[in-house]
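So you can see what is in the structure, the chains are spelled out below.
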Amino acid sequence: MYEPLHEKVELEGPKSKVGLIGILNQAQECLDYLDDDYSDGRSELASLQTRLIAGQFRLAVLGQFKRGKSTLLNALLGEELLPTAIIPVTAIPTFIGSAEKTDVQISFDTEAEPVRFPVTSGQSLGDFLAEYVTEAGNSNNHRQVKRVDVGHPAVILQQGIVLIDTPGIGSTHKHNTEVAYQVLPECDAAIFLVSPDPPITEIELDYLKEIQQCLPRTFFLLNKVDFLDEKEKNVSLSFLADQLAPLCDGIPQVIPISARKGLEARLSGDVDGWKNSGMQQVEQNLIDFFAREKQQILHNSLQRRICDQINSINMQLQLSLSALMLPEAELKQRIEQFRRSLPAVEREKEAAKDILSGDLKRLVERLNKEVEEVRAQAKEKIIGKLETHIQSVADTEELERLVRETLAREMPSFFAPAMRKVAEIVRAEATELLTLHQQRSSRIIEQVRQVAAELFDIPYHAPSVGRSYTMFEMSGWSHDLFISDMDPLGQRFSRKFFTHKFRRKRTVNRLREGGRKLLNQNVEQINWALRRGLDENFSQFGAELSEQLERTITATRKAMEVALQKSESQSYATASREITLKQTLAKLQELLSQLEQ
């Protein structure tokens, strides 16, 4: 496995690498004297310390599915290492760091031992990876892969850089989108990849808003420009810059590239091809960035996370200490006050659930309205063409052929864009409503914490508002419902027994019925797919509110009950714990003060 590169440290102040390591060491030593209630805090601080010591800068390649993320990384590595295909591929984030030779290690959520690439198996490394990181080899992550680490000798990795290949957002695999969001806190900067088909979608813009909040630096690349002429490329770049400007405090630099051409050039040693693909400029920009800004951005990123974690631990300490210092009778009284505040919180939660349910109902009504408009448009466009054939073609065999060809051509060409349009309308409204619901949920959770803070006179820190996004799976389109002419006798055979008038009337009725049935079936696919997405997302948000609220109440009540248990036991134990908590809190506040200087 690759070894992280350690960087030379010149400063030793509180904001230097040595200074941060010292602060983390002291913070963890403080928590070593406390009980298991603070184990989560210890684990998080240890994880931050590991990253700081390693000096690893994590650069993620992010974007919608099928934008060419894996191909871009293969071009930077100079090897066809990561799996690529015409369908959504990457299902598990892949971390690629520096090593003397290429190696892979697969870690699991279970207690199973990590798996390494068997060099002697005769299997290619790419095929081995595909078994674990793709939907084809590991659908819905049924192998329970936790992490994939790749070591590689590429020059670009030799500055302590870890490249991350991420699942694309917006595919039919909803868990890929969830993983793409979850990986953001592990990143320090990003390459955001788009392509001209279309240049950028609303889903990507929502994702980019989240990226901009989490990460201080983002590089923008327009991939697949080899499919455009010069005019089309300039139009795409201009459109993309206009869309990005409101999110980037100005027009950002967008580099046009062809990752595919770049990979081909790198594999063949074609220097001019590498330059013409745009990849040379990308590589140089990254190298310049690593030289100028990498250390400072990594440092600031980790410092913020250390501050957040120590603040969270301090709040927990203050609640425990305040509860412990109260006389037993007063502590019991305040615990009872807290208990009496909970029914009001429960009513707020139920009101929020009612609002959520009402929002869902109204959104379903909007969906139904949009679906009926699609149905009316489909009847006008598709059934209208069928009627034209019916009125103009006398021969029943020719009529049947033309109707079948028309349906096969018109159904997918009409319903695919219609589906996307309805999905975008519904998705935009759902995202807005769920964002409001997330804010409402956060206020309810804040209410619990604020009550506890007021009861025990401790500083109150409001939780950050969580993100809100929603994805809808899009079904495929059926356009092959007819089996021959659906007449067991067949058109040719029936010629011998029925008049032309009878046969034509029968064929016309059947084709009309079949066309309407096929149209309605596709319309209902829109309704079913999007309604299922709405139900799942709104249900998930309702469940998350209940879970977060219960977790907050339980943690707050536990801090009070532990204090009560100590106060009811021998006074020596209570005094000892009080001293430990005070000393720990004072030390952590001192460390926090150093971080915030």
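Residues numbered from 1 in each chain as written. Predicted model: local features only at pLDDT ≥ 70, side-chain atom pairs only at ≥ 80, totals over all residues. Heavy atoms only, no water.

J.: So, the overall build of the protein chain: which residues are in play, and what are the values?
T.: The secondary structure content of the protein chain amounts to 16 helices and 9 strands. For the protein chain, buried positions account for 50% of its 597 residues. When contacts within the protein chain are restricted to residue pairs at least 6 apart in sequence, long-range pairs at least 24 apart make up 80% of them. Accessible surface for the protein chain amounts to roughly 29000 Å². Of this, 50% is attributable to carbon and sulfur atoms. (Helix = DSSP H or I, 4+ residues; strand = E, 2+ residues; numbered from the N terminus. Buried < 20%, exposed > 50% of the residue type's maximum accessible area, 1.4 Å probe, protein only. Contact = heavy atoms within 4.5 Å. Areas by Shrake-Rupley, 256 points an atom, 1.4 Å probe, with all protein chains shown as cover.)

J.: Can you break down the packing of aromatic side chains residue by residue, with the values?
T.: Evaluated as defined, the whole model comprises 7 aromatic pairs. Taking 5.7 Å as the distance between ring centres and 70° as the angle between the ring planes, the aromatic pair formed by Phe57 and Phe289 counts as edge-to-face. With Phe57 in strand β1 (residues 57-62) and Phe289 in helix α10 (residues 279-292), the pair connects residues that are 232 residues apart, well separated along the chain. Judged by relative accessible area, Phe57 falls into the buried class, the value being 0%. Over the ring of Phe95 we find Arg147; its NZ or CZ atom is 4.0 Å from the centre of that ring. Lying across the ring of Trp274, Arg266 places its NZ or CZ 3.9 Å from the centre. (Phe/Tyr/Trp six-rings, centres within 6.5 Å; stacked < 30°, edge-to-face > 60°. Lys NZ or Arg CZ within 6 Å of the ring centre and 35° of its normal.)

J.: A description of the sheet that holds strand β8 (residues 218-222) should follow, citing residues and the corresponding values.
T.: Ordered by their spatial adjacency, 9 strands build an open sheet running β4-β3-β5-β2-β6-β1-β7-β8-β9, and the pairing between neighbours is mixed. Single-partner strands in this sheet number two, and they are β4 (115-116) and β9 (254-256). Pairing of strand β7 (residues 189-194) with β8 involves 5 bridges; the strand directions are parallel. Its bridge partner being in β8, Ile191 is matched across the sheet by Phe219. Together, β1, β2 (94-98), β5 (145-152), β6 (161-165), β7 and β8 form the strand contacts of helix α3 (residues 69-77), whose direction differs from that of β6 by roughly 150°. (Pairing = 2+ DSSP bridges. Axes fitted to C-alpha atoms, helices over the stretch in contact; angles between N-to-C directions.)

J.: Just give me the short version of the side chain of Arg334, but keep the residues and values in it.
T.: Within the secondary structure, Arg334 sits in helix α12 (residues 328-392). The exposure class assigned to Arg334 is buried, which follows from its relative accessible area of 19%. Those residues in contact with Arg334, other than ones at most four positions away along the chain, are Leu326, Leu455 and Phe456.

J.: So what's going on with the environment of Glu232? Which residues, and what values?
T.: Following the sequence through the fold, Glu232 ends up in helix α7 (residues 230-248). The sequence separation of Glu232 and Pro196 amounts to 36 residues, and the corresponding C-alpha distance is 9.0 Å.

J.: Provide a residue-level description of the packing of helix α6 (residues 202-214) against helix α13 (residues 396-456), including the pertinent values.
T.: When two helices pack together, their arrangement is given by the angle between the helix axes and the distance between those axes. It is at 11 Å that the axes of α6 and α13 come closest, and there the two elements cross at 25°. Our classification of the angle between α6 and α13 gives roughly parallel. From α6, Glu202, Ile203 and Asp206 reach across to α13, where they touch Glu424, Arg427, Ala428 and Thr431. A breakdown of the residues in the contact of α6 with α13 according to their chemical character gives 2 nonpolar, 1 polar and 4 charged. (Parallel < 35°, antiparallel > 145°, perpendicular 65-115°, else oblique. Nonpolar A, V, L, I, M, F, W, Y, C, P; charged D, E, K, R; others polar.)

J.: If you had to explain unusual backbone geometry to someone new, which residues and values would you point to?
T.: Residues other than glycine seldom take positive phi values, yet Gln144 does so here, at roughly 60°. Looking at Gln144, the relative accessible area reads 40%, which means it is partly exposed. In this structure, Lys224 is a non-glycine residue whose phi angle is positive, near 65°. With respect to the secondary-structure elements, Lys224 resides in the loop between β8 and α7.

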